[in-house]
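Chain by chain, the residues run as shown.
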Amino acid sequence: TAKMTVERMFDEYGHFKRFQACLYFAAVFQATSCGIHYLASVFLVETPNFVCSVPGNITDVLYGNITGSSLESVFPVIKPAGGPLVVRTSEGEQWELSRCRSALRINPQDFTYDYYGNKTMKDCSGNFVYDHTEVHSSIVTDWDLVCEKEWLAKLCQPTFMLGVLVGALLFGDIADRIGRVKILMITSLCQFALGVAVAFSLNYYFFVVLRFLLAMASSGYLVVVFVYVTEFTGSKVRTWTSMHIHAAFAVGIMVVALTGYLVRVWWIYQIILSICTSPFLLFCWKFPETPFYLMAKGRYQEAQALLDTIARFNGLECRLKAEDLLEPMKSENGKTLLEKEEGERPAQPEKKLSILDLFCSWRMAGRTCTVWAIWFIGSLGYYVFSLGSVNLGGNQYVNLFLAGECQIKTFVIFCLCFALLHNVVTLAKSLHLTFDFCMIKRTAPHEIDSLAIALSMIGKFAVAIAFGLIYLYTCELYPTVIRWTLAVGSGSMMCRVGSIVAPFCVYLVDVWVYLPQLIVGILAFAIGVLTLLLPETLGEPLPTTLEEAESL
C-alpha cells in the first residue's frame, strides 16, 4: 500500500498562504451560524413573569405594600417565589393570582392584601397574563408553555442537542462516502432554509421537528468543517486555525445576545439569525475537495488539478506532482498511478473499517475512552456555563454577550501562548483549572452578581480551551482512514451526549444553586488526571495508518 506523504504539500506550497486563507475565512464565516442556532433557544423559550388571568376588567392591584391599577404596573417587581397578586375587577370580585392557580375570595369586606376568609381555588385552564416588558413574544407566551406544559419548553434544547447527535452520526458516514465539501454545501443550505422555516412554525410540535432537523444540519457542518480546515492547513498553523473555528462559534453567541436585545419577538428574531450567514451560499459551491480525501480515495488526477490550482493561487511554480505524495509505485508496464486511467487501476480490496478499529489494541482502547471522556466533559461544561449565564443575575443579554466574548479571548490568549504549551498538558491543566474555579464559586457569596459572573466566565475560559483543543487533538491522534467517520464522528457523538445532558444539569440549580458547577468540576478533575496518560501530538505529521497512530 502506498504510504501517503500529503503533508509535503504544505512544505512546498505553504502552510497557510492565500489559497488556504480564502477557504479558511469563508468556512469560518459560516461556522458562526452554528453558534447562533445552538444558543438561539436561550431567548426563543424565555419565560417572563406571568399569572393566571381572571374574568372581567382589573381595576386595582395589590402586591404586598405595592398598589397599582393594572397588572403591567406591578409585573416588574413580582418575584416568582413571592406571594400572590391580589386584584379587584370592575364587577367587584377579588382574586388572588399566582403562576398556576387562582383563588376567588368569598364575600370579602375590604380590599386588603391579607385575607383569612373562605376562597374558591381554580386552575388557570390555559388562561395566563404575561409581563411583556422584556419579552414581547416567545414560544412560551404564544403557546402557553407554562405550569403543566413547562416541561415542553424545557425539552426544546435537549431535543435540539439530540438532533446534533444524530446529525454528527449521519453526516459523518456520508462525508466519507461523498466527500467533505459536498457536506459543507448541503448543510449550509439546510441551515438557511430550516432556520427560516422555524420562524413560521404553526405550533410547538412543528417547531421542535424543524429545530431537530436544523440541529442535524448545524452539527454536520460544524464537525466536517474542522476536518476540512485541518486537511487544508499545515502543521505549523493547524492548532491556530482549528481553535479559531470555536472563536467563530463564539461570535455566533454574541450575535444571539445582540439580536435578542434588539428584537423581542421570537419569529422575527429567528429570521434575522437565520439570514446572518446567507452570503456564504453564494460562493460555497466553488469550494474544492481536500487533498487528503482525494489521495485517500485514489482520485489522483483531481488531486493534481487541485495542487496546480493552489500553486497558481499562491503565486508559486507548479512543481509538485500528485505521485510525489506517494512512495514510488509503478505498474508492470511502467506507468505511474497518475498516468493510469480510473478504470485501468488495479482493484485493491478496501478493508472494512468499523468503530472497533478505535479499540484495536489495549493502548488504542485506553486512548479512545479518555478522548471520549474529554469530548463529553468539554461539551457538558461548555453548555452548562453558556446556558447558565442568563441565570447569573444582572442583565441576561450582557451576560450571554460576555460569555461569547470570553470564549474569543480564550482562544486568542491560547494561540499567543501556544508555543510554550503542549496539547496533552494544556488539556489536563485546563480541566483542572475548570475544577478550581467551580470549587471557588461554591464558596463565593451567591448574592454578589459581579463575582458570580466573573467566576463563571473564568470557568468557561478554562473549559473552552479543552473543548476547542480536543477537536484538533483527535484529528492528530487518529489516521486519515478513520479520522472523520470514526474518530471525530464518535468523539462528536460523546460531545452531543454531554450537550444533551447539559440543559438538565442547568435545571438542577432549582435543587441547589451550586450543583451544576459541582458536577462539572468533579468530572473535569477526574478526566484531567486521565488526560496526562495520552501521547503528545504537537508538531507531528498527521498519521495515515493505524500502525502510525499506535506508535505515537
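Per an unreviewed UniProt entry, the protein goes by the name Solute carrier family 22 member 16 and belongs to Poecilia formosa. The record held by UniProt for the protein lists under Subcellular location (unreviewed entry) the comment "Membrane".

Caption draft 1: A look at the state of the cysteines. Overall, the coordinates contain two disulfides when judged by the stated rule. With its sulfur 1.5 Å from that of its partner, Cys52 forms a disulfide with Cys124. You can see Cys52 sitting in strand β1 (residues 50-52) and its partner Cys124 sitting in the loop between β7 (119-123) and β8 (128-130), a full 72 residues away along the chain. Linked covalently through their sulfurs, Cys100 and Cys147 form a disulfide whose S-S length is 2.0 Å. Disulfide Cys100-Cys147: torsion about the S-S bond near -100 degrees, hence left-handed. Residue Cys100 is located in the loop between β5 (94-97) and β6 (101-105), and its partner Cys147 is located in the loop between α5 (139-143) and α6 (150-154); the two are separated by 47 residues in the primary sequence.

Caption draft 2: Quick peek at the side chain of Ser41. Summarising the element assignment, Ser41 is placed in helix α3 (residues 41-44). A polar contact of 2.2 Å, which involves the side chain of Ser41, links it to the side chain of Gln157. When residues no more than four places from it in sequence are discounted, the contact partners of Ser41 are Gln157 and Arg211.

Caption draft 3: Seen up close, unusual backbone geometry. Despite not being glycine, Asn107 shows a phi value in the positive range, around 50 degrees. Relative to the elements of secondary structure, Asn107 occurs in the loop between β6 and β7. For Asp144, which is not glycine, the phi dihedral falls at a positive 50 degrees. In this structure, Asp144 sits in the loop between α5 and α6. Since its relative accessible area comes to 22%, Asp144 is described here as partly exposed.

Caption draft 4: Spotlight on the sheet that holds strand β3 (residues 66-68). Spatial strand order, β3-β2-β4-β5-β6-β7: six strands in an open sheet with antiparallel pairing. The open sheet is flanked by β3 and β7, the only strands paired with a single partner. Here the strands of the sheet are splayed against their neighbours by 20 degrees on average, with no regard to which way each runs. The sheet contact formed by β6 and β7 spans five bridges and is antiparallel. Counterpart to Ser102 in the pairing with β7 is Lys122.

Caption draft 5: Structural view of the nonpolar core. By size, the foremost hydrophobic cluster in this structure holds 132 residues, and its most contacted members are Tyr38, Ile139, Phe207, Ile245, Phe249, Phe287 and Tyr383. No other element matches helix α9 (residues 204-230), which puts 16 residues into this core. The residues contacting Ile245, other than those within four sequence positions of it, are Tyr24, Val28, Ala31, Leu222, Val225, Phe226 and Val229. Of all hydrophobic cores here, the second largest spans 13 residues; its members include Val51, Val61, Leu71 and Val87.

Caption draft 6: Expanded view of the side chain of Gln157. By the element assignment, Gln157 lies in helix α7 (residues 156-178). Not counting the four nearest positions on each side in its chain, Gln157 is found in contact with Tyr38, Ser41, Arg211, Leu387 and Pro503.

Caption draft 7: Structural context of the packing of aromatic side chains. All told, the structure shown has 27 aromatic pairs when counted by the stated rule. Taken together, a centroid distance of 5.6 Å and an interplanar angle of 75 degrees make the contact between Phe280 and Phe283 edge-to-face. The class for Phe280 is buried, based on a relative accessible area of 0%. The exposure class of Phe283 is partly exposed, given its relative accessible area of 32%. The rings of Phe19, Tyr221, Tyr228, Phe232, Phe280, Phe283, Phe287 and Phe313 are connected pair by pair, giving a single aromatic cluster.

How each quantity is defined
- Residues numbered from 1 in each chain as written.
- Predicted model: local features only at pLDDT ≥ 70, side-chain atom pairs only at ≥ 80, totals over all residues.
- Heavy atoms only, no water.
- UniProt positions renumbered as here; feature names shortened; annotations may be inferred.
- Disulfide = S-S within 2.5 Å.
- Helix = DSSP H or I, 4+ residues; strand = E, 2+ residues; numbered from the N terminus.
- Polar contact = N/O pair within 3.5 Å; in protein donor to acceptor, adjacent residues only side chain to side chain.
- Contact = heavy atoms within 4.5 Å.
- Buried < 20%, exposed > 50% of the residue type's maximum accessible area, 1.4 Å probe, protein only.
- Pairing = 2+ DSSP bridges.
- Axes fitted to C-alpha atoms, helices over the stretch in contact; angles between N-to-C directions.
- Core = buried A, V, L, I, M, F, W, Y, C linked by side-chain atoms within 4.5 Å.
- Phe/Tyr/Trp six-rings, centres within 6.5 Å; stacked < 30°, edge-to-face > 60°.

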